[in-house]
Amino acid sequence: MLSRLGALLQEAVGAREPSIDLLQAFVEHWKGITHYYIESTDENTPAKKTDIPWRLKQMLDILVYEEQQQVAVGEAGPCLEYLLQHKILETLCTLGKAEFPPGMRQQVFQFFSKVLAQVQHPLLHYLSVHRPVQKLLRLGGTAPGSVTEKEEVQLTTVLCSKIQQDPELLAYILEGKKIVGRKKACGEPTALPKDTASHRDKDCSHDGAPARPQLDGEPCGAQALNSHMPAETEQLDGGTAESNLITSLLGLCQSKSRVALKAQENLLLLVSVASPAAATYLVQSSPCCPAIVQHLCQLYRSMPVFLDPADIAALEGISWRLPSAPSDEASFPGKEALAAFLGWFDYCDHLITEAHTVVADALAKAVAEKFFVETLQPQLLHVSEQSILTSTALLTAMLRQLHSPALLREAAAFLLGTDRQPEAPRDNPHALYAHLIGHCDHLSDEISIATLRLFEELLQKPHEGIIRSLVLRNLEGRPYVAWGSPEPESYEDTLDLEEDPYFTDSFLDSGFQPRAKPRLVPATSYDGKTAVTEIVNSFLCLVPEEAKTSAFLEETGYDTYVHDAYGLFQECSSRVASWGWPLTPTPLDPHEPERPFFEGHFLRVLFDRMSRILDQPYSLNLQVTSVLSRLALFPHPHIHEYLLDPYISLAPGCRSLFSVLVRVIGDLMQRIQRVPQFPGKLLLVRKQLTGQAPGEQLDHQTLLQGVVVLEEFCKELAAIAFVKFPPHDPRQNLSPAPEGQV
């Protein structure tokens with residue numbers, strides 16, 4: 001019995017010896033660090049060549065080992081108690097600020113990161129931990145290329161990971177002195193382990209500020225230590241809105257090394273916290289959104305005032321993960337600044353996509369207010385043509401890489417306004433929208449082309465409000481359809497020019513008001529199933545034979561357009577599938593008051609440009625027809641009817657895309673007679689445009705190039721009509737027709 005009792009006593013003593021030895025070793029290593037400052041006289045020896053890194057490593061290992069040996073989970077061991085009670089992290093932060101010995105700041109950053117990452121006990125709730133963490137973040141380099149940026153980003157990585165696991169930590173990390181006065185027990189959480197009560201009150205003085213660090217019973221040691229470092233002031237405790245984890249991350253994002261990418265990933269992790277309370281705190285009580293947008297505005301202002309739109313388009317595909325353009329691309333002034341701006345805008349878009357809804361909405365609104373309205377809009381409204389060109393091309397590039405729904409919604413409201421009522425010819429639309437419409441018909445062809453590209457990019461965005469604002473709101477109720485006249489069987493040899501519904505828009509120009517017709521029944525029974533062969537043939541036969549040249553060249557046939565249109569239509573259909581559009585046009589209501597039809601400012605400027613296709617530069621004609629093709633692809637029955645069905649009977653004073661084309665053909669037939677050797681010259685111009693003939697200047701070259709664009713555009717519209725409603729199955733099967741079939 002005595003033998004067994006002795007063995008048990010021996011085991012009990014052995015079980016307590018390690019904890020006693022660990023604490024003693026931990027204290028000895030800490031005293032060894034403080035003694036260095038008392039005894040050392042060489043201020044030039046780097047920290048790496050002293051025993052400080054080794055002692056910090058031993059202290060870390062002891063803390064980790066002690067925690068692994070703890071029987072009660074969640075309790076702080078003696079060594080951790082000592083670390084917290086004696087404010088070792090506070091003292092280390094002060095040593096790092098003094099940067100003595102040289103390189104000490106890096107050692108402190110590394111120790112903080114490893115302690116927070118490897119010690120599983122929750123530490124950041126303690127005032128004696130999160131307070132020095134806040135101070136250490138402010139000690140980081142304020143300029144890119146700081147010597148401690150690698151260590152800084154390691155610390156931010158640990159902090160963001162901890163916040164992701166426990167969003168309540170966000171307030172402790174972002175706030176400093178402000179939070180102390182509002183919380184009991186000097187900022188400590190109410191639910192803490194009981195064994196921390198002994199040091200919790202000691203962490204705070206009566207006014208809530210931490211007591212000055214002392215070195216374990218050695219007053220002379222404290223004096224010697226303090227002689228090597230600047231005086232501690234309350235400046236570190238105040239101004240949390242100007243310097244904290246957010247601003248530290250944004251500073252690291254500007255690094256020229258891979259540190260920037262890691263910092264961006266950390267910031268992305270921070271804004272994607274799942275807690276609504278933390279997200280609200282991040283928006284309302286931190287400089288997160290304003291600081292991110294401020295950096296975007298700074299990058300925009302750092303670019304050259306004038307940039308070539310071609311150079312901007314050449315930098316497509318800039319990603320925040322790889323903002324620099326490939327080195328083999330031709331360089332141009334401002335290329336690096338442009339790549340940095342587009343890369344950060346892509347990062348903002350990605351942040352808004354991945355962030356919590358509260359943060360995403362706030363950040364999107366901040367981008368709209370501070371960047372779109374205050375920074376970009378003055379450039380778009382500028383009287384300088386070069387300023388308009390550069391800002392429009394930049395906006396187009398931004399739209400091309402914009403994917404977040406919240407930011408897209410703000411961009412659409414910025415460009416088009418929020419009014420969704422049908423437009424009137426003399427109304428006052430949204431200011432910027434009115435300017436952009438005017439730019440589409442600008443005296444400068446370059447500005448017109450750049451603005452039309454902007455609208456084409458806008459039409460490819462998955463936001464229903466865009467197409468509704470530009471087109472659909474004016475087609476609601478189908479006021480473009482005439483009432484009271486019988487549906488025509490054939491348009492050939494049955495109507496004079498003045499009676500042709502394609503030319504009813506001429507009545508308003510001449511001052512002649514057509515006789516009002518009784519509103520009884522619609523003039524057409526169009527239900528979305530008009531024979532597609534009739535539509536296709538109408539467009540294919542619109543251009544007269546003497547003005548066609550594609551038959552003389554290869555790979556310019558209608559079948560090629562069918563193949564291309566099929567892919568574009570499938571893409572457009574998938575984009576709008578969730579918008580719940582009807583399959584057939586809205587039935588006309590005979591009891592609804594008749595309202596005059598206006599196609600809207602956007603379609604009006606496109607139709608006006610289209611009517612001048614024979615007098616405009618080739619590149620401008622290509623852009624106008626490209627935008628109209630994008631519009632025609634939308635699978636809305638009203639768009640299909642108004643833009644692609646030649647057989648609708650137009651209301652008086654209305655014009656459609658087909659009626660505009662018919663007028664152009666009429667003008668063309670008159671002008672052909674005045675061009676000698678027209679067929680030969682037209683074929684030569686087509687070969688020049690395809691690179692099969694030298695590009696020598698010809699008489700009437702603009703006219704000839706316009707004819708080529710006109711022929712190809714009619715084939716493109718025919719192909720779009722075919723893929724939208726194939727003849728063999730007008731609703732379901734969307735496969736293209738066999739080669740050569742019309």
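Residues numbered from 1 in each chain as written. Predicted model: local features only at pLDDT ≥ 70, side-chain atom pairs only at ≥ 80, totals over all residues. Heavy atoms only, no water.

Draft legend 1. Spatial organisation of the overall build of the protein chain. Assigned secondary structure in the protein chain consists of 33 helices and zero strands. Evaluated residue by residue, the protein chain yields a buried proportion of 53% over its 742 residues. Accessible surface, the protein chain as shown: approximately 33,900 Å² in total, 53% of it carbon and sulfur. (Helix = DSSP H or I, 4+ residues; strand = E, 2+ residues; numbered from the N terminus. Buried < 20%, exposed > 50% of the residue type's maximum accessible area, 1.4 Å probe, protein only. Areas by Shrake-Rupley, 256 points an atom, 1.4 Å probe, with all protein chains shown as cover.)

Draft legend 2. Focus on a negative patch on the surface. On the surface, a cluster of negative charge is contributed by Asp308, Glu385, Asp445 and Glu446. Tracing the sequence through the fold places Glu385 in helix 20 (residues 385-400). A relative accessible area of 41% places Glu385 in the partly exposed class. (Patch = residues over 30% accessible without salt bridge, like charges linked within 9 Å, V, L, I, M, F, W, Y side chains within 5 Å. Salt bridge = Lys/Arg side-chain N within 4 Å of Asp/Glu carboxyl O. Lys, Arg positive; Asp, Glu negative; His and termini not counted. Charge placed at Lys NZ, Arg CZ, Asp CG, Glu CD.)

Draft legend 3. Molecular detail of the packing of aromatic side chains. Within the structure shown, the criterion is met by 19 aromatic pairs. Measuring from ring centre to ring centre gives 5.5 Å for Tyr37 and Phe100, while their planes differ by 65°; the resulting arrangement is edge-to-face. Highlighted residues: Tyr37 in helix 1 (residues 2-39) and Phe100 in the loop between helix 4 (88-98) and helix 5 (104-118), separated in sequence by 63 residues. Accessibility expressed as a relative area gives 2% for Tyr37, which makes it buried. Relative accessible area serves as the criterion here: at 6%, Phe100 is assigned to the buried category. Centroid distance Phe539 to Phe658: 5.3 Å. Interplanar angle 85°. Geometry classified as edge-to-face. Of this pair, Phe539 sits in helix 26 (residues 532-540) while Phe658 is found in helix 31 (residues 657-672), placing the two residues 119 residues apart along the sequence. Aromatic ring contacts, followed pair by pair, group Tyr300, Phe341, Phe371, Phe372 and Phe414 into a single cluster. (Phe/Tyr/Trp six-rings, centres within 6.5 Å; stacked < 30°, edge-to-face > 60°.)

Draft legend 4. Representation of the environment of Ser626 in the model. Inspection of the secondary structure puts Ser626 in helix 29 (residues 618-633). Given the relative accessible area of 22%, Ser626 is considered partly exposed. Sequence separation of Ser626 and Phe713 is 87 residues, and the distance between their C-alpha atoms is 8.6 Å. Looking at Ser626, its side chain comes within polar contact range of the side chain of Glu456, at 2.6 Å. (Polar contact = N/O pair within 3.5 Å; in protein donor to acceptor, adjacent residues only side chain to side chain.)

Draft legend 5. Seen up close, the pattern of salt bridges. The tally for this structure, following the rule as stated, stands at 26 salt bridges. The salt bridge partner of Arg630 is Glu456, with a shortest N-O separation of 3.6 Å. One end of the pair, Arg630, is in helix 29; the other, Glu456, is in helix 23 (residues 445-459), with 174 residues separating them in the sequence. Side by side, Arg630 and Glu456 carry an identical accessibility label, which is buried.

Draft legend 6. Representation of helix 29 within the structure. Taking 1.5 Å as the rise per residue, helix 29 with 16 residues should run 22 Å; its terminal C-alpha atoms sit 23 Å apart, in good agreement. Burial analysis of helix 29 places 12 of its 16 residues in the buried class, which makes it a mostly covered element. Within the span of helix 29, buried status applies to Leu620, Asn621, Gln623, Val624, Thr625, Val627, Leu628, Ser629, Arg630, Leu631, Ala632 and Leu633. (Expected span 1.5 Å × (residues − 1).)

Draft legend 7. Layout of the nonpolar core. Leu92, Phe371 and Phe602 are the most contacted members of the largest nonpolar core, which totals 217 residues. In terms of residues, this core owes the most to one element, helix 33 (residues 701-724), which gives 15 residues. With sequence-adjacent residues up to four places away left out, Phe371 is seen in contact with Val293, Leu296, Cys297, Tyr300, Phe341, Ala366, Leu376 and Met398. (Core = buried A, V, L, I, M, F, W, Y, C linked by side-chain atoms within 4.5 Å. Contact = heavy atoms within 4.5 Å.)

Draft legend 8. Focus on the confidence of the model for the protein chain. Of all residues in the protein chain, 77% have pLDDT values of 70 or greater, and the mean over the chain is 81. Predicted confidence is poor over residues 176-241, with pLDDT under 50, and the contacts of this stretch with residues over four places away or in other chains come to 107 contacts. (pLDDT = per-residue confidence, 0-100.)

Draft legend 9. Representation of the environment of Leu252 in the model. Structurally, Leu252 can be placed in helix 13 (residues 245-253). Each C-alpha atom of the pair Leu252 and Gly140 lies 9.3 Å from the other, and the pair is 112 residues apart in sequence. The contacts of Leu252, once residues within four sequence positions are left out, are Glu149, Glu152, Val153, Thr156, Val259, Ala260 and Ala263.

Draft legend 10. Spatial organisation of helix 4. Summarising burial for helix 4: 10 of the 11 residues are buried, a large majority. Along helix 4, the positions that sit buried rather than exposed are Ile88, Leu89, Glu90, Thr91, Leu92, Cys93, Thr94, Leu95, Gly96 and Ala98. One or two steps after helix 4, the chain reaches Glu99, where phi turns positive at roughly 55°.

Draft legend 11. Spatial organisation of the packing of helix 16 (residues 288-301) against helix 18 (residues 335-354). Across the interface, helix 16 lies against helix 18 with an axial gap of 9 Å and an inter-helix angle of 160°. Regarding the angle of helix 16 to helix 18, the classification is roughly antiparallel. When you trace helix 16 past helix 18, the crossing you get is left-handed. Of the residues in helix 18, those in contact with Ile292, His295, Leu296, Leu299 and Tyr300 of helix 16 are Ala340, Phe341, Trp344, Phe345, Cys348 and Leu351. Along the lines of polarity and charge, the residues of the contact of helix 16 with helix 18 split into 10 nonpolar, one polar and no charged. (Axes fitted to C-alpha atoms, helices over the stretch in contact; angles between N-to-C directions. Parallel < 35°, antiparallel > 145°, perpendicular 65-115°, else oblique. Left-handed = near helix turned anticlockwise from the far one by under 90°. Nonpolar A, V, L, I, M, F, W, Y, C, P; charged D, E, K, R; others polar.)

Draft legend 12. The state of the cysteines, seen in detail. Scanning the model with the defined rule gives zero disulfides in all. Free cysteine Cys160: the closest other cysteine sulfur is in Cys253, separated by 10.0 Å. Assessed through its relative accessible area of 0%, Cys160 is described here as buried. The thiol of Cys288 is unpaired, and the distance to the nearest cysteine sulfur, on Cys289, comes to 4.8 Å. Among the residues examined, Cys288 registers a relative accessible area of 1% and is labelled buried. (Disulfide = S-S within 2.5 Å.)

Draft legend 13. Just the side chain of Arg630, in detail. Under the relative-accessibility criterion, Arg630 is labelled buried at 19%. The contacts of Arg630, once residues within four sequence positions are left out, are Glu456, Leu459, Gln460 and Leu568.

Draft legend 14. Region of interest: unusual backbone geometry. A cis geometry characterises the amide bond from Phe100 onward to Pro101, with omega recorded as -5°. Its location among the elements puts Pro101 in the loop between helix 4 and helix 5. Although it is not a glycine, Lys87 sits at a positive phi angle of roughly 50°. Within the fold, Lys87 resides in the loop between helix 3 (78-85) and helix 4. Overall, the relative accessible area of 6% leaves Lys87 in the buried class. Positive phi outside glycine occurs at Glu99, with the angle close to 55°.

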